[in-house]
Amino acid sequence: MSGNKIGNLQLLKEAGFNVPEFRKIPFSAVVDREKYKSLLGKNKDINAEEYRKTIDASWREDFDIQKFLDFEKDISMFSVRSSCNVEDGEELSFAGQFETFLNVGTKDLGNKVSEVIRSLANPGLIDYARNSEAALSDIGMDVIVQEMILPRLSGVIFSSNPQGILNEAVITVGEGTGDGVVGDLTDTSSYYCNRTDDEYYCEGDTDFLTAKEISALLELTDRIKAVTGEFIDIEFAIKGDEIFVLQVRNITTLKGETPLILDNSNIVESYPGLSLPLTISFVKLVYGGVFRGVSRRVLKNDKELLKHSDIFENMVGSANGRIYYKISNWYTMLKFLPFSSRIIPVWQEMLGVGNKTYDKEDVNLSLPVRIGTYLNSLYELIRVPKGMKELDDEFSKVNAEFYEKFSDELSPKELIEIFNDIRKKLFDIWDVTLLNDMYAFIFTGLLKARIRKKGGDEKTVNEYISGISDIESMKPVSTLIDIALNKDRYTNLQYEEVKRDYISKYGDRNLEELKLESRTFRTDPQLFDEQIETIRNSENKDKLSGYMHKPAPLGREGGITRFLSKRAAMGIAAREKSRLNRCRAYGIVRQIMLSLGSSYERQGLIDAQRDIFMLTLDEVFDMAEHPVRMTDEIAKRKELYRMYDNLPAYSRLIFENSEFDKNHRSVNHYVKKESRNELTGVPCSGGIARGEALVINGPRDKASVEGKILVTRMTDPGWVFMLTTAKGLISEKGSLLSHTSIISRELGIPSVVGVKGLLENVESGDIISMDGNTGVIRIERKS
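Residues numbered from 1 in each chain as written. Predicted model: local features only at pLDDT ≥ 70, side-chain atom pairs only at ≥ 80, totals over all residues. Heavy atoms only, no water.

Participant: Quick rundown of the overall build of the protein? Include the residues and the values.
Facilitator: Looking only at helices and strands, the protein features 29 helices and 23 strands. Counting all 783 residues of the protein, 57% fall into the buried class. When contacts within the protein are restricted to residue pairs at least 6 apart in sequence, long-range pairs at least 24 apart make up 71% of them. As displayed, the protein offers around 34,200 Å² of accessible surface, 48% of which is attributable to carbon and sulfur atoms. (Helix = DSSP H or I, 4+ residues; strand = E, 2+ residues; numbered from the N terminus. Buried < 20%, exposed > 50% of the residue type's maximum accessible area, 1.4 Å probe, protein only. Contact = heavy atoms within 4.5 Å. Areas by Shrake-Rupley, 256 points an atom, 1.4 Å probe, with all protein chains shown as cover.)

Participant: Could you give an account of the side chain of Glu203, naming the residues involved and the relevant values?
Facilitator: With respect to the element layout, Glu203 can be found in strand β8 (residues 199-203). Arg665 provides the closest opposite charge to the buried, unpaired Glu203, separated from it by 4.7 Å. At 3.5 Å, the side chain of Glu203 and the backbone nitrogen of Arg665 are in polar contact. Residues within four places of Glu203 in sequence aside, it is in contact with Ser189, Ser190, Tyr192, His664, Arg665 and Ser666. (Lys, Arg positive; Asp, Glu negative; His and termini not counted. Salt bridge = Lys/Arg side-chain N within 4 Å of Asp/Glu carboxyl O. Polar contact = N/O pair within 3.5 Å; in protein donor to acceptor, adjacent residues only side chain to side chain.)

Participant: If you had to explain the nonpolar core to someone new, which residues and values would you point to?
Facilitator: Ranked by size, the top nonpolar core spans 141 residues in total, and within it Trp347, Ile592, Met593, Leu596, Tyr600 and Val620 carry the most contacts. The greatest single-element share of this core, amounting to 14 residues, is contributed by helix α24 (residues 559-602). The contact partners of Val620, leaving out residues within four places of it in the chain, are Leu278, Met593, Leu596, Tyr600, Ile612 and Leu615. Grouped together as the second largest cluster of nonpolar side chains are 35 residues, Ile25, Val113, Leu120 and Val145 included. (Core = buried A, V, L, I, M, F, W, Y, C linked by side-chain atoms within 4.5 Å.)

Participant: Quick one: what's the story with the pattern of salt bridges, residue by residue and with numbers?
Facilitator: One pass over the full model with this rule turns up 51 salt bridges. Measuring nitrogen to oxygen at the nearest pair gives 3.1 Å for the salt bridge that ties Asp392 to Lys577. Taken as a pair, Asp392 in helix α16 (residues 384-405) and Lys577 in helix α24 lie far apart in primary sequence, 185 residues in all. Take Lys577: its relative accessible area is 32%, and that puts it in the partly exposed class. In this structure, Arg713 and Glu732 form a salt bridge, with 2.8 Å as the shortest nitrogen-oxygen distance. Here the residue Arg713 occupies a position in the loop between β19 (709-712) and α27 (720-723), and Glu732 occupies one in the loop between β20 (728-731) and α28 (739-747), the gap between them amounting to 19 residues. Glu732 carries the same exposure label as Arg713, and that label is buried. Overlapping salt bridges bring together Lys13, Glu21, Arg23 and Asp70 as one network.

Participant: Which residues make up the sheet that holds strand β11 (residues 260-263), and what values do they have?
Facilitator: Pairing is antiparallel across the open sheet formed by four strands, whose spatial order is β12-β13-β11-β14. Both outer strands of the open sheet, β12 (316-319) and β14 (652-655), are each paired with one neighbouring strand and no more. The sheet shows a mean angle of 35° between the axes of neighbouring strands, direction not considered. Packing against the sheet, helix α13 (residues 327-334) makes contact with β11, β13 (322-326) and β14, and its axis sits at approximately 35° to β13. (Pairing = 2+ DSSP bridges. Axes fitted to C-alpha atoms, helices over the stretch in contact; angles between N-to-C directions.)

Participant: Can you lay out the sheet that holds β20 for me, pointing to particular residues and giving the numbers?
Facilitator: Here eight strands make up an open sheet; going across it, the order is β16-β23-β22-β18-β19-β20-β21-β17 and the pairing mixed. Here the strands that pair on one side only, and so sit at the sheet edges, are β16 (678-680) and β17 (682-685). Along the sheet, successive strands turn relative to each other by an average axial angle of 30°, direction set aside. Two strands pair when backbone bridges link them, and β17 and strand β21 (residues 751-753) are joined in this way by three bridges, in the antiparallel orientation. Of the residues in β21, the one forming a bridge with Val682 is Val753.

Participant: Can you tell me about the pairing of strand β22 (residues 767-771), naming the residues and giving the values?
Facilitator: With five of five residues buried, β22 lies mostly within the body of the structure. What you see with β22 is no split at all: Ile767, Ser769 and Asp771 on one side and Ile768 and Met770 on the other are buried throughout. The pairing of strand β18 (residues 688-695) with β22 spans five bridges and is antiparallel. Across the sheet, residue Glu692 finds its bridge partner in β22, namely Ile767. Relative to strand β23 (residues 776-781), β22 runs antiparallel, the two being bridged by five bridges. Following the sheet pairing, Ile768 is matched in β23 by Ile779.

Participant: Give a description of the pairing of β19 that names residues and reports values.
Facilitator: Residues of β19 alternate between two faces, with Ile709 and Val711 on one and Leu710 and Thr712 on the opposite face, all of them buried. Pairing between β18 and β19: three bridges, direction parallel. Within β19, the position partnered with Val695 by the bridge is Val711. Where β19 lies against β20, four bridges are found, and the strand directions are parallel. For Val711, the partnering residue across the bridge sits in β20 and is Ile730.

Participant: Before we move on, can you summarise the packing of aromatic side chains with the specific residues and values?
Facilitator: Summed over all chains, the structure comprises 24 aromatic pairs. Taken together, a centroid distance of 5.1 Å and an interplanar angle of 70° make the contact between Tyr641 and Tyr644 edge-to-face. You can see Tyr641 and its partner Tyr644 sitting in helix α26 (residues 631-644), three residues apart, about one turn around the helix. As far as burial versus exposure is concerned, Tyr641 and Tyr644 are alike and both buried. The structure contains a cluster of three or more aromatic residues connected by ring pairs, namely Tyr495, Tyr502, Tyr506, Phe521 and Phe528. The ring of Phe71 is capped by Arg23, whose NZ or CZ atom sits 4.9 Å from the centre of that ring. Lying across the ring of Tyr495, Lys487 places its NZ or CZ 4.6 Å from the centre. (Phe/Tyr/Trp six-rings, centres within 6.5 Å; stacked < 30°, edge-to-face > 60°. Lys NZ or Arg CZ within 6 Å of the ring centre and 35° of its normal.)

And the structure:
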């Protein structure tokens, strides 16, 4: 009648794990099995008291526990645990249903073994038998008698968070023996460890474990999983520096059959750090509309579109205030395209996807639909340049119309009507930007492959795709620099006119520009004046006045290489122009929302104008029809966001089912530190730089980057203003076609992106060197 507990302990002991000595007391040695079965029969209506009497009536008078206690060493104290044959199974755990005893002396072992077996008679087990095909007579209880460890710390490791996060291990630990930890009899702390990023945070008042102990426990978990299975919890004890495995059980709530994968590759460039509820809800709306559009172009089949609508309308998700791609849905989307097995690796490289594993099973489409999809995809890719021109023309009209009619005097209903009108006009055509991304990715990937085949390196590739003439994304910074360097020539009146003109054209480009809550030159014009003064006070004015990179002209070779480089450049240029227009479109929505915020503040529905960003889009629109005071709900969300800010910015979260947000009373964020003096990443802009590192995590980190090497987790398009005075740029995230890479190439500063472990090893003040041609970073001296 051995249960999984004994089976797992035997497996681990045989595999060489540090399991305290134990012996099995068989159920049949304590209870007469034939009598037990005869008395129970097939009775499913028995109650707990009757069941206990049946067990007692079946007791063997000749039971002698000493026959089983043949330990190889003298042991004075034991633990006594259950090992029921239905306990800790695949479906049910019966956690806490059966008795466990710790610190049991030799004289009391017989009594405690009896009590454990008698704990079979509990209502939970009877209900299980009544509601299943199992007969009580087939259920039995072996008992584990194990050497008692008197530990410094005890705890439980969940290989995956039982709430439903598959790539997050959880370690709950406290002082003393395990009964205190499990029974909440002692203070405990829980460590939540993301296995993808090797980052963790602690919830609790005491930091019980060192980084070394956490690493050892996670390594132990991986080794045990290889023996027992993927989803397990491990009861452990630490005595001195020694870790003991006390028992291992299945996590019955997890299956891992259809996981939901959230991944921040590339999207973190647009939405770094936390995004507020209004931004998150708007982004989900935008992506849903855009992907419906591109799916309609590719399928041109309403029946198939409806069949897969759940995929196309759920391309992004959020967790803990951060925005992610639902990357498994992206792979499904890409499988609709011709040559998807070749396109997917190119897409992964261009977006900087770290974990490149995915389900390679093809999408189930009939042959006619698949042929039609292939033909439609090729047709749409061929007409991408024309489609991007049509989008640019239409957006220019929509943008001009908005600022002609927009006024702070508009009512909430009028503002929402304008929003819906713009949404309808742009959603139908903005999907072409996704096809343009694919266009740029494919031709850049083909260009890289050809150059490598001809013996070229990353530096050669970067030169080919640099120097895009008059790239649109560079205009905001080049114009700003020109204004700053020539400010002395303007009268005050002329300067204000130039400022208004600049803000009219580029006022939405700023740090974290795609978050609706971000402040921009348009919403806060004093930011423009501050940026002008920063440039004027720069020690590198000569560099700023001639900053544009001047690589060898495109097409210096003929034939295929010239064709590929020209197409790649077209795709990149169109991509950057659409990104600038995208920030303008978000600027329009920001203006509408701020105006709604002012209106709701006047009505007393919210406390301050910018509290509008703590609401969702649906809530904002509903308040126009049904005014409801939201101050209490906003206060709760602000408190949650303070907690989110202390959680690590994980690159990947894998959920058992749907995503959800954490809710902790307090957290402390830690990173597992590695000691490495050399790092590597993707070289994106050539050149060598040496100097002081400056770590910037976001726009709140106000510091001068002049003459320093900027080190960050990721950047967004608005960082271009900071990059102009930096000596070099190193980013933990990014790819060859990320905005960071493109702008650094155009500015002519060395850059390396996709550097794993960057922020774990480099700190502000470190002296580092970087090679933008090879992607190698060296830490020469720690601060």
